[in-house]
Structures are given as structure tokens and as C-alpha cells.
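Reading the structure
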Amino acid sequence: MKTTSKVAVIGLGNIGQAVAGNLAKSEVQFIVADRNFEKAQKLSEKWGNKVQPNDIPAAVKYADIIILAIPFEAFEGFLKEYSSDLEGKIIVDPSNPIAPDENGGFRKIIGEKESAGEIISSFLPKSAKLVKALGTLGVESLMKSAYKTSEKAVLFYATDDESINSDAEDLITDIGFVPLKIGGIDQSVRIEVFGDLHEFGALGKPVTLAEAKKKL
Ligand SMILES: NC(=O)c1ccc[n+]([C@@H]2O[C@H](COP(=O)([O-])OP(=O)(O)OC[C@H]3O[C@@H](n4cnc5c(N)ncnc54)[C@H](OP(=O)(O)O)[C@@H]3O)[C@@H](O)[C@H]2O)c1
């Protein structure tokens, strides 16, 4: 176990469940929260006694690292609603700014060169720190590629705040991947859907550290 900070996973949809399920395989004790408390309670029972359910306001207050596994469109409201309790905290943003298109695929809902990471950074509460991470793989790969016993798969991350590199890296390690920083939040577009370092962009699949380094 590397992570020593208090962690909460908020939003237990596809990605929140994949992240929490992976993290539950480590020694980290953490909180899960969802708008539906019963859902958090049921899932935490499945993940074992290192994982405790709570409501969202309590989870925000408790944690130092908050994995916000909610839709991109919900970030602004969430960060504003909880702004005072989020001051000084680390917010992990896995979001992709996409919506279904008319052909059964996805389309970007912000400008082609814009990123959710940069937009979200403009709503950050005072002294909160943002890490763009955990959204580089689709949910299936996020579950299947965790804790590889041969060569571990990479999860890229981006942050402007050097002081939280180790927090991001410890978390990614405890989720079962190898962390690789790509730069600041202005690089987020590369690790969001359609980006050159995203599974549903030019990357195409989970990659090892050696493969990932060639692409940076
Ligand atoms: N699915 C993927 O393969 C994938 C891959 C990479 C990144 N991502 C990103 O990960 C994030 C979550 O995606 P997902 O696929 O897990 O979506 P999802 O299955 O629809 O789950 C979204 C979760 O966010 C909650 N939520 C929505 N609005 C909220 C709000 N205002 N406050 C609190 N909770 C709220 C939902 O709660 P309710 O059930 O109450 O609505 C649900 O628990 C998104 O930003 C997405 O772009 C997804």
C-alpha cells in the first residue's frame, strides 16, 4: 500500500465502481459515496470492511483525495456546492467531455481542442488541487488491466501541482497500474477520449510503461 491520505470515491457508476473495486484489492481504507446511499452501502459490503459507505457531504469533509467519478457536466455544480469543504483538497478528475452521437458512437461536447481538465480547473475551489487521471481507459480495460502480474499497464495523469505528483502516483499504483505523468492540466486533451494517449483515441489499448514512454 502506498496511499496514506484519506480517500473517497464519489459517484458509483461504471468508473466509480471500477476504481473502488480495484482500490479495494489494496490495503487502502477508503470511503465510497453516491447520491443513492443504499447503493454505496450494498457495494461497500461487496468490497469488504476496508471500504466504508457514507453520504456525499460527509465523504467530501472526510477525504483529502476525492475521486470524483461523475459526468463532466456535473463538475461545475458539484465543485461550487462543496467549495468550502473542498478547499486545499486533491480532486481527481477522470471525466471525458462526451455524449452519445446519432450513429451509436460518441461526440465531444466541448471544442475540439478544449479539454474537460482545463475547463474544470477554472471551477476549482480555493487552494484545491486538480489531477486529471483514471479516465484514460474504458471501464472494461480499467477493470481487466489492473494488477497485471507480468508487465503492469500504465495510467497517465496530468497536474499543474508538482507537490501532489506522489499522491497521484501512489493512488494509481494502489489501483493496480503504473503511473506516468504527461505534464500539466493544459495537456489533459491528450488523455481524454479522442486524445492521442486515450484508449478511445490514438492509443487504442492499454499499454505498458515502455510502450507509453515511446508515445509521450
Ligand atoms: N464509462 C467509461 O468507460 C469511462 C471511461 C473513462 C472516464 N469516464 C468518465 O468517468 C465519469 C463517470 O462515468 P461513468 O461511466 O461512471 O458514468 P455513470 O455510470 O453514468 O455514473 C455517473 C455517476 O455520477 C453520479 N452523479 C451524476 N451527477 C451527479 C452529481 N451532480 N452529484 C453527485 N453524483 C452525480 C451518478 O449518480 P446517479 O446514479 O444518482 O445519477 C452516477 O453514480 C464521467 O466523467 C466519464 O466521462 C467514463
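Above this text is the structure in question.
Reading guide: rules and limits
- Counting starts from 1 at the beginning of each chain's written sequence and moves along it residue by residue.
- Totals for whole chains, interfaces and linings use all residues, but because this is a predicted model, local features are given only for residues with pLDDT of at least 70 and pairs of side-chain atoms are given and counted only at 80 or more.
- Excluding hydrogens and water, the side-chain values take into account all heavy atoms of the structure.
- In this description a helix means any DSSP run of H or I spanning at least four residues, a strand means any run of E spanning at least two, and both kinds are numbered starting from the N terminus.
- As defined in this context, the radius of gyration uses C-alpha atoms, and a globule is described by 2.2 Å times the residue total to the power 0.38.
- For every residue, the accessible area (1.4 Å probe, protein chains only) is compared with the maximum for its type, and the residue is labelled buried under 20%, exposed over 50%, or partly exposed between those bounds.
- Should any heavy atoms of two residues lie within 4.5 Å, those residues are counted as being in contact.
- Per-residue and other accessible areas follow the Shrake-Rupley method at a 1.4 Å probe size, with only the shown protein chains counted as cover for residues.
- Positive: Lys, Arg. Negative: Asp, Glu. His and the chain ends are not part of the count.
- Positions of charges follow a simple convention, taking NZ of Lys, CZ of Arg, CG of Asp or CD of Glu.
- For this purpose, a residue is taken to be near a molecule or strand whenever a single non-hydrogen atom of the residue falls within 4 Å of it.
- Any pair of nitrogen or oxygen atoms within 3.5 Å is treated as a polar contact; in protein, a donor-acceptor pairing is required on top of that, and neighbouring residues in sequence qualify only through side-chain atoms on both sides.
- Under the scheme applied here, ten amino acids are nonpolar (Ala, Val, Leu, Ile, Met, Phe, Trp, Tyr, Cys and Pro), four are charged (Asp, Glu, Lys and Arg), and all others, including Gly, are polar.
- Where helices are involved, their axes are fitted lines through C-alpha atoms of the stretch in contact, as for all axes, and angles between N-to-C directions lie from 0 to 180°.
- The scheme is simple: roughly parallel for angles under 35 degrees, roughly antiparallel for over 145, roughly perpendicular for 65 to 115, oblique for anything else.
- It is the rotation of the near helix from the far one that decides the hand of a crossing: anticlockwise by less than a right angle makes it left-handed, clockwise makes it right-handed.

Brief notes about the overall build of the protein chain
From N to C terminus, the protein chain includes nine helices and 10 strands. Over its C-alpha trace the protein chain gives a radius of gyration of 16 Å, about what one expects of a compact globule, namely 17 Å for 216 residues. Across its three principal directions, the C-alpha atoms of the protein chain cover 40 × 40 × 40 Å. Residue burial in the protein chain is summarised as follows: out of 216 residues, 52% are buried. Sequence separation of 24 or more characterises 66% of the internal contacts of the protein chain that already satisfy a separation of 6 or more. Total accessible area on the protein chain stands at roughly 10,000 Å², and carbon and sulfur atoms take up 48% of it. Taking the 26 positively charged and 31 negatively charged side chains of the protein chain as two groups, their mean positions are separated by 4 Å.

A few points about the site of the ligand
Close to the ligand lie 21 residues, the nearest being Asn-14, Ile-15, Arg-35, Ile-70 and Asn-96. At 2.9 Å from an oxygen atom of the ligand is found a side-chain nitrogen or oxygen belonging to Arg-35. A distance of 2.7 Å separates an oxygen atom of the ligand from a polar atom in the backbone of Ile-70. Surface burial for the ligand is 72%, taken as the share of its 890 Å² of free accessible area covered by protein chains. Ranked by residue count, the leading element in the shell around the ligand is helix H4 (residues 72-81), at three residues. Split by residue class, the shell around the ligand holds 12 nonpolar, seven polar and two charged.

Focus: the packing of helix H1 (residues 14-23) against helix H2 (residues 37-47)
Running from N to C, H1 and H2 cross one another at 30 degrees; their axes reach a closest spacing of 10 Å. On the basis of their axis angle, the class for H1 and H2 is roughly parallel. Judged by the sense of rotation from one axis to the other, the crossing of H1 with H2 is right-handed. Across the interface between the two elements, Gln-17, Ala-20 and Gly-21 of H1 pack against Lys-39, Leu-43 and Trp-47 of H2.

Here's the deal with H1
The buried count for H1 comes to seven of 10 residues, which makes it a mostly enclosed element. Listed in full, the buried residues belonging to H1 are Gly-16, Ala-18, Val-19, Ala-20, Gly-21, Asn-22 and Leu-23. Along its buried surface, H1 packs onto strand S1 (7-10), strand S2 (30-33), H2, strand S4 (65-68), helix H7 (139-144) and helix H8 (165-174).

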